[in-house]
Amino acid sequence: MKKIKVRSDKDAAVRDLISEIPFWIRREADLPFPVLQNLAQLWLFVFPRQDWKKMRQVLLLVTIWIIITDRFFESKLMSEPQLRIFCQNIDCFLKNEKENSNNQKISNKSMDFSERLLKNICQMLSEQKVDQRFWAEWKWAVKNFLTGMANERNFSFVHPPSLRQYLKNGRQSIGSSAVLYAVALLIFRARWLKPKEFAIIKKIIKDSSLVLRLINDLGSHERERAHKTLNSLVVLMKQGETLESAQEKISSLIERNIAIFKQRKKSAPLKCHPFFTALSRLLRFTSNLYETKDYHGEAPRP
């Protein structure tokens, strides 16, 4: 795969995109600049045109939400009752899309910020002329992400599940579906897809979430091992693989799935091409990024 060169003349565009994040979000997310830089570079690469500016802004917030939510789910300091309240509040909001007096108060600042940020993102997305099918799938993807993260907390690092069970949950806990359905919402807001075309996008999002899980596991293995966070390499090593053989198996799975994706891209209906192009660029950027770092950068965990 060819390396992506981020030229110095793109630095200003990265800074501009980061500066467009509302101040309260930048302050409360408290993400180091390298993390925001990674995310901004991603969306500038996926959607480089000037008329895609608003799309980049929304998608940047979606990925920030994924990262800050992932962090407190992985934190050992977060209690199960706190997380259950958080998930119940989010589920209630996504069903009603409005404030609910029955919501329980969250005392944790990270969870409170995550909830407010998600509501802000929902507001931004709902202002678009969205296909209600994608809107429903996006909300399911958000709930599945939270369910997957909750399940992952119960996985044992010492006695992990099977690779199949781990990956079935991992394609949800990676959060990629929530990101990709947001991409689809924005790309197809002015293009009505036929049921067959809609099914093609659903299928490729599901399969791509698995690829992105594998890419994440391969690239973030050292950081996650240091935090005793389970990933597919650990699962394979517990089954008797060496680190090298586990890496080879995961790399082979990635290559096989990307080859399938390329074949599907060639045969996809014309109306689906913008999404396939964006997804192709996202996979390329992410694969290259994880060769040296990941979207979390060097930020400490809570």
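From a predicted model like this one, the values you see are computed outputs, not experimental measurements.

(A) Just the overall build of the protein, in detail. Broken down by element type, the protein carries 14 helices and zero strands. Order of helices (α) and strands (β) in the protein, N terminus to C terminus: α-α-α-α-α-α-α-α-α-α-α-α-α-α. For 302 residues, the compact-globule estimate of 2.2 N^0.38 gives 19 Å, and the C-alpha radius of gyration of the protein, at 19 Å, lies within 12% of that figure. Considering only C-alpha atoms, the protein reaches an extent of 50 × 50 × 45 Å along its principal axes. Across the 302 residues of the protein, 52% fall into the buried class.

(B) Spatial organisation of the packing of aromatic side chains. All chains considered together, the criterion is met by 14 aromatic pairs. Ring geometry for W43 against F47: centres 6.3 Å apart, planes inclined by 15°, an arrangement best described as stacked. Considered together, W43 and F47 belong to a single accessibility category, that of buried residues. Looking at R49, its charged tip hangs above the ring of W52, at a distance of 4.0 Å from the centre. For the cation-ring pair, R133 lies above F198, with the distance from its terminal atom to the ring centre recorded as 4.6 Å.

(C) Up close: the pattern of salt bridges. Enumeration over the complete set of coordinates arrives at 16 salt bridges. D207 is the partner of K203 in a salt bridge, and the nearest nitrogen-oxygen pair spans 3.5 Å. Highlighted residues: K203 and D207, both in helix α10 (residues 195–219), separated by four residues, approximately one helical turn. Overall, K203 belongs to the partly exposed group, its relative accessible area being 41%. A residue is classified by how much of its surface remains accessible, and D207, at 14% relative accessible area, is buried. A salt bridge links D217 to R213; the shortest N-O distance between them is 2.9 Å. One end of the pair, D217, and the other, R213, are both in helix α10, four residues apart, so they sit about a helical turn from each other. Assessed through its relative accessible area of 0%, D217 is described here as buried. Residue R213 is classed as buried on the basis of its relative accessible area, which comes to 4%.

(D) Broad picture of the state of the cysteines. Under the definition given, this model contains zero disulfides. Looking at the unpaired C87, the closest cysteine sulfur is the one in C92, lying at 13 Å. There is no disulfide at C92, and the cysteine sulfur nearest it, in C122, is 13 Å away.

(E) Inspection of the side chain of S209 at higher detail. Note on placement: S209 falls in helix α10. Not counting the four nearest positions on each side in its chain, S209 is found in contact with R171, I174, S176, S177 and L180.

(F) Spatial organisation of the layout of surface pockets. One number sums up the size of the largest pocket: a volume of about 450 Å³. Surrounding the largest pocket, 19 residues form its lining, N144, R171, Q172, S177 and K206 being those nearest its centre. Secondary structure elements with two or more residues in the lining of the largest pocket: α7 (132–153), α8 (163–173), α9 (176–187) and α10. Considered class by class, the residues forming the lining of the largest pocket number six nonpolar, seven polar and six charged.

(G) Main features of the confidence of the model for the protein. Per-residue confidence for the protein averages 90 on the pLDDT scale, and 91% of its residues sit at or above 70. Per-element confidence in the protein ranges from a low mean pLDDT of 80 for helix α11 (residues 221–226) to a high of 97 for α9. Below pLDDT 50 for its whole length, residues 298–302 participates in 13 contacts with residues either more than four positions away or in separate chains.

(H) Summary view of the packing of helix α4 (residues 53–74) against α9. It is at 10 Å that the axes of α4 and α9 come closest, and there the two elements cross at 165°. The angle between α4 and α9 falls in the class roughly antiparallel. The hand of the α4/α9 crossing is right-handed. Together, M55, V58, L59, V62, T63 and I66 of α4 and A178, V179, A182, V183, L186 and I187 of α9 make up the contact between the two elements.

(I) Spatial organisation of helix α14 (residues 273–289). The terminal C-alpha atoms of α14, which comprises 17 residues, lie 24 Å apart, in line with the 24 Å expected from a rise of 1.5 Å per residue. Taken together, the buried positions of α14 are occupied by F275, F276, A278, L279, L282, L283, F285, T286, S287, N288 and L289. Close packing links the buried residues of α14 with α3 (33–46), α9, α10 and α13 (243–267).

(J) Summary view of the environment of A184. Looking at where A184 falls in the secondary structure, it is placed in helix α9. Separated by 104 residues in the primary sequence, A184 and E80 place their C-alpha atoms 33 Å from one another. Among all residues touching A184, those that are not within four sequence positions of it are F134, I201 and F275.

(K) Region of the structure containing the nonpolar core. Ranked by internal contacts, the top residues of the largest apolar core, which has 100 residues, are W43, I64, W65, W138, I201 and F275. If one sorts the elements of this core by residue count, α4 sits on top with 13 residues.

The rules behind these values
Residues numbered from 1 in each chain as written. Predicted model: local features only at pLDDT ≥ 70, side-chain atom pairs only at ≥ 80, totals over all residues. Heavy atoms only, no water. Helix = DSSP H or I, 4+ residues; strand = E, 2+ residues; numbered from the N terminus. Rg over C-alpha atoms; globule rule 2.2 N^0.38 Å. Buried < 20%, exposed > 50% of the residue type's maximum accessible area, 1.4 Å probe, protein only. Phe/Tyr/Trp six-rings, centres within 6.5 Å; stacked < 30°, edge-to-face > 60°. Lys NZ or Arg CZ within 6 Å of the ring centre and 35° of its normal. Salt bridge = Lys/Arg side-chain N within 4 Å of Asp/Glu carboxyl O. Disulfide = S-S within 2.5 Å. Contact = heavy atoms within 4.5 Å. 1 Å grid on protein atoms, 1.4 Å probe; cavity = no way out; pocket = protein on both sides within 12 Å on 5 of 7 lines; lining within 4 Å. Points joined across faces, edges and corners; volume = space filled by probe spheres on them. Nonpolar A, V, L, I, M, F, W, Y, C, P; charged D, E, K, R; others polar. pLDDT = per-residue confidence, 0-100. Axes fitted to C-alpha atoms, helices over the stretch in contact; angles between N-to-C directions. Parallel < 35°, antiparallel > 145°, perpendicular 65-115°, else oblique. Left-handed = near helix turned anticlockwise from the far one by under 90°. Expected span 1.5 Å × (residues − 1). Core = buried A, V, L, I, M, F, W, Y, C linked by side-chain atoms within 4.5 Å.

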